[in-house]
Amino acid sequence: MELLERLERGEIVICDGAMGTLLQERGLPLGVAPEEWNLSHPEVVAQIHREYLEAGAEIVETNTFGGNRLKLSLSNLEGRIEEINREAVRIAREAVGDKAYVALSVGPTGKLLQPWGDLSFEEALKAYKEQMGYAFKESPDFAILETFSDLQEIRAAVLAAQEVGIFSICTMTFETSGRTIMGVSPEQELEELSKLGVRLMGTNCGTGPDDMLKIVEILAKNRPEGVYLIAQPNAGVPKLVGGKTVFEATPQTMAEYAQKYVELGVNIVGACCGSTPLHIKGIKEHIKNTK
Ligand SMILES: [Zn+2]
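First, a word on scope: everything that follows refers to the structure included in this document. (Residues numbered from 1 in each chain as written. Predicted model: local features only at pLDDT ≥ 70, side-chain atom pairs only at ≥ 80, totals over all residues.)

Right, let's get into the overall build of the protein chain. Counting its regular elements, the protein chain contains 12 helices and 10 strands. For 291 residues, the compact-globule formula gives about 19 Å, and the C-alpha radius of gyration of the protein chain, at 17 Å, lands near that figure. The buried share of the protein chain, taken over its 291 residues, is 53%. Sequence separation of 24 or more characterises 78% of the internal contacts of the protein chain that already satisfy a separation of 6 or more. (Helix = DSSP H or I, 4+ residues; strand = E, 2+ residues; numbered from the N terminus. Rg over C-alpha atoms; globule rule 2.2 N^0.38 Å. Buried ≥ 20, exposed ≤ 12 C-beta atoms within 10 Å, placed from the backbone. Contact = placed C-beta atoms within 7 Å.)

Laid out in structure tokens, this is it:
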């Protein structure tokens, strides 16, 4: 795995930033699944990938965060699941060529697994195998299983990736409390996922860069041998200003925190909700200049 070899050599790799909030900014109406735009507005999705590439991202994530059957069915798109996932990988690949890795974004099912909810582990596994199986036909470089709160659910996604044959990077979302909404700690994430053979894991979303620093410190301190770390904070805490959601962290702030993560030992830095190519550009330049 070329990415792992680069991390082993001590290279820092920059990931991209938000897709969903950027699509909303560019006209995606509330209530429409972002993944639908892979089919109806592929040029907008491609443009976002290109802007992240130009900003310095070496990993771009496909517009497939909610691309599993369970999530797509909420928008009556389950019949188009194959097209949506395959098209997303094709759009990203065409936009970045071989200048960046294309990572298949895989998010939660949107349902609670047993014993908290109705969804069985097997059903979750099946949904992830289906999504990743379709995407695999277009040869993404790897998958980023992201924004998970439940260890069982991310386990299902990891096992699905392994069965399909896609290398997976995992991120879980911690609240300012230091735990996921399902009560998982960063130490538990490291322990449980490394047991499954996951080599690259960390945290995304949930908090701005300052609150994420505490999570990163715990991850860095407890990282098992041979495990590499990734961190992707939101661009601050969203605030409602004049009826619009605004993320207030500047590219400079995001860049300074990204540098702190790197100093703690994080190997891949990117950003999540509310971030734009300007944030990624800030991170890229700051890290390059302070190395
Ligand atoms: Zn996010």
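Attention now moves to the packing of helix 10 (residues 209-222) against helix 11 (residues 251-264). At a minimum axis separation of 10 Å, helix 10 and helix 11 run at an interaxial angle of 10°. What the angle tells us is that helix 10 and helix 11 run roughly parallel. Side by side, helix 10 and helix 11 meet where Pro209, Asp210, Leu213, Val216, Glu217 and Ala220 of the first sit next to Thr253, Met254, Tyr257, Lys260, Tyr261 and Leu264 of the second. Residue composition of the contact of helix 10 with helix 11, grouped by class: eight nonpolar, one polar and three charged. (Axes fitted to C-alpha atoms, helices over the stretch in contact; angles between N-to-C directions. Parallel < 35°, antiparallel > 145°, perpendicular 65-115°, else oblique. Nonpolar A, V, L, I, M, F, W, Y, C, P; charged D, E, K, R; others polar.)

It is worth spelling out the nonpolar core at this point. Core analysis: the biggest nonpolar cluster contains 91 residues, and Ala57, Val60, Ala143, Leu145 and Val269 have the highest contact counts within it. Tallying contributions element by element places helix 6 (residues 81-96) first for this core, with eight residues. Once residues lying within four places of it in the same chain are set aside, the contact partners of Ala57 are Ile14, Cys15, Asp16, Tyr52, Ala100 and Ile280. (Core = buried A, V, L, I, M, F, W, Y, C linked by C-beta atoms within 7 Å.)

In this model helix 12 (residues 277-290) runs 20 Å from its N-terminal to its C-terminal C-alpha over 14 residues, within 8% of the 20 Å that 1.5 Å per residue would give. Among all positions of helix 12, only Pro277, His279, Ile280, Lys281, Gly282, Ile283, Lys284 and His286 are buried. Considering only its buried residues, helix 12 is in contact with strand 1 (13-14), helix 4 (42-55), helix 11 and strand 10 (268-269). (Expected span 1.5 Å × (residues − 1).)

Regular strands have side chains that alternate between both faces of the sheet. Of all five residues making up strand 5 (residues 168-172), five are buried, and the element is well covered by its neighbours. The alternating pattern of strand 5 places Ser168, Cys170 and Met172 on one face and Ile169 and Thr171 on the opposite face, and all of these are buried. Judged from the four bridges that link them, strand 4 (residues 142-148) and strand 5 form a sheet pairing that is parallel. Bridging across to strand 5, Phe148 finds its partner in Met172. Following the backbone out of strand 4, through helix 8 (residues 151-164) and into the adjacent parallel strand 5, one traces a crossover that is right-handed. Note that strand 5 and strand 6 (residues 200-204) share four bridges and pair parallel. Directly across from Ile169, in strand 6, lies its bridge partner Leu200. Tracing the backbone out of strand 5, into helix 9 (residues 186-195) and back to the parallel element strand 6 gives a crossover that is right-handed. (Pairing = 2+ DSSP bridges. Right-handed = clockwise from strand over helix to strand, strands pointing away.)

Looking now at the pairing of strand 7 (residues 228-232). Counting buried residues in strand 7 gives five out of five residues, a clear majority hidden from the surface. Covered by surrounding structure in strand 7 are Tyr228, Ile230 and Gln232 together with Leu229 and Ala231, the residues of both alternating faces. One ladder, built from five bridges, connects strand 6 with strand 7; its direction is parallel. Bridge assignment links Gly202 to a residue of strand 7, and that residue is Ile230. Each parallel crossover has a hand, and the one from strand 6 via helix 10 to strand 7 is right-handed. For strand 7 and strand 10, the ladder comprises two bridges, and the chain directions are parallel. The residue bridging Ala231 from the neighbouring strand is Val269, located in strand 10.

This part takes up unusual backbone geometry. In this model, Gln114 is joined to Pro115 through a cis peptide bond whose omega is 5°. With a phi angle near 55°, Asn76 is a residue other than glycine that sits in the positive phi range. Position of Asn76 among the secondary structure elements: in the loop between helix 5 (69-72) and helix 6. If you check the backbone angles, Ser139 has positive phi at about 55° while not being a glycine. Overall, Ser139 belongs to the exposed group, with 11 C-beta atoms counted inside 10 Å.

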